[in-house]
Amino acid sequence: MATGAGAPASGVRRRRSRREEILEIAVGLFAARGYHGVSMDDIGSAAGVTGPALYHHFAGKEAMLVAALMPVSDGLLAGGRQRVAEHPDSARTALESLIDFHVEFALANPAVIALHLHELDRLPEEPRRQIRRLQRLYVEEWVGVLTALHPKLSAGEARVLAHAAFGLMNSTPFLGGEVDRQRRAALLRAATLAALLADPDD
């Protein structure tokens with residue numbers, strides 16, 4: 001499933017469940033047409049399932065949106081914490097690891113990023129609040145690394161830099177296919193690292 005941001009990179013991929021396949025199709029349709037531009041019938045038709053079979057997996061579009069966005073936020077936080085914990089003695093190496101992790105996520109999940117950008121506010125209050133909290137905690141992992149790397153930075157200033165970096169890395173929904181994936185990853189990593197290593201006071 002493309003939304004498995006926290007899945008271990010073991011090289012062995014389990015077979016996706018039918019529910020995951022339907023969810024991936026729904027995410028693609030939401031990203032392409034907008035949440036309100038897609039009906040359950042559209043999703044069922046694209047997935048090749050009838051209405052009753054579709055509702056066996058999801059109560060409705062809202063449930064699909066929650067199922068798409070919540071695990072991503074969980075996975076980003078877990079993965080970010082892991083990468084910071086692996087490099088307690090080197091803020092530079094921790095930053096490089098965070099960038100590698102997020103760039104890989106962004107390239108694998110452009111449709112999910114588009115949903116986060118445009119459809120998050122359509123969620124009910126409670127799951128939206130949970131996702132926002134997970135996002136804030138993920139940002140704080142970056143803030144900790146950036147303030148260690150640039151001791152003169154305040155936490156607020158580091159958040160500005162972190163969000164700027166996310167804007168750069170999360171540009172994947174808007175990138176065409178004229179540059180191959182490996183080169184896109186290298187460009188995004190290099191640009192983000194250069195931006196965050198630069199002395200903010202220069």
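As the structure is a prediction and not an experimental result, all values here were calculated from the model.

1. Considerations on the packing of aromatic side chains
Right, so step 1: Evaluated as defined, the whole model comprises four aromatic pairs.
Right, so step 2: Pairing Tyr138 with Phe166 gives two aromatic rings, centres 5.7 Å apart and planes at 15 degrees, and the pair type is stacked. A residue pair is termed long-range when its members are at least 10 positions apart, and Tyr138 in helix H7 (residues 125-149) and Phe166 in helix H8 (residues 155-169) qualify at 28 residues. Across this residue pair, the class does not change: Tyr138 and Phe166 are buried.
Right, so step 3: When the centroid spacing of 5.2 Å and the interplanar angle of 80 degrees are considered together, the rings of Trp142 and Phe166 count as edge-to-face. Residue Trp142 is located in helix H7, and its partner Phe166 is located in helix H8; the two are separated by 24 residues in the primary sequence. Both residues of the pair, Trp142 and Phe166, count as buried.
Right, so step 4: A connected cluster of aromatic rings, assembled from ring pairs, spans Tyr138, Trp142 and Phe166.
Right, so step 5: Here the guanidinium or amino end of Lys61 rests over the ring plane of Tyr35, the centre of that ring lying 4.2 Å away.

Calculation rules
Counting restarts for each chain: residues are numbered from 1 in the order of the written sequence. In keeping with the predicted nature of the model, local features appear solely for residues at pLDDT of at least 70, side-chain atom pairs appear and are counted solely at 80 or more, and the whole-chain, interface and lining totals rest on all residues. To obtain the side-chain values, all non-hydrogen atoms of the structure were used and water was disregarded. Stacked, tilted and edge-to-face are the three classes assigned to paired rings of Phe, Tyr and Trp, where Trp is represented by its six-membered ring and a pair needs centres within 6.5 Å; plane angles under 30 degrees give stacked, over 60 edge-to-face, the rest tilted. Elements are defined by DSSP. Helices are runs of H or I of four residues or more, strands are runs of E of two residues or more, and each kind is numbered from the N terminus. When accessible area is computed with a 1.4 Å probe and restricted to protein chains, residues below 20% of their type maximum are described as buried, those above 50% as exposed, and intermediate ones as partly exposed. As a reminder, the over-ring test applies to NZ of lysine and CZ of arginine, requiring each to be within 6 Å of the ring centre and within 35 degrees of the ring normal.

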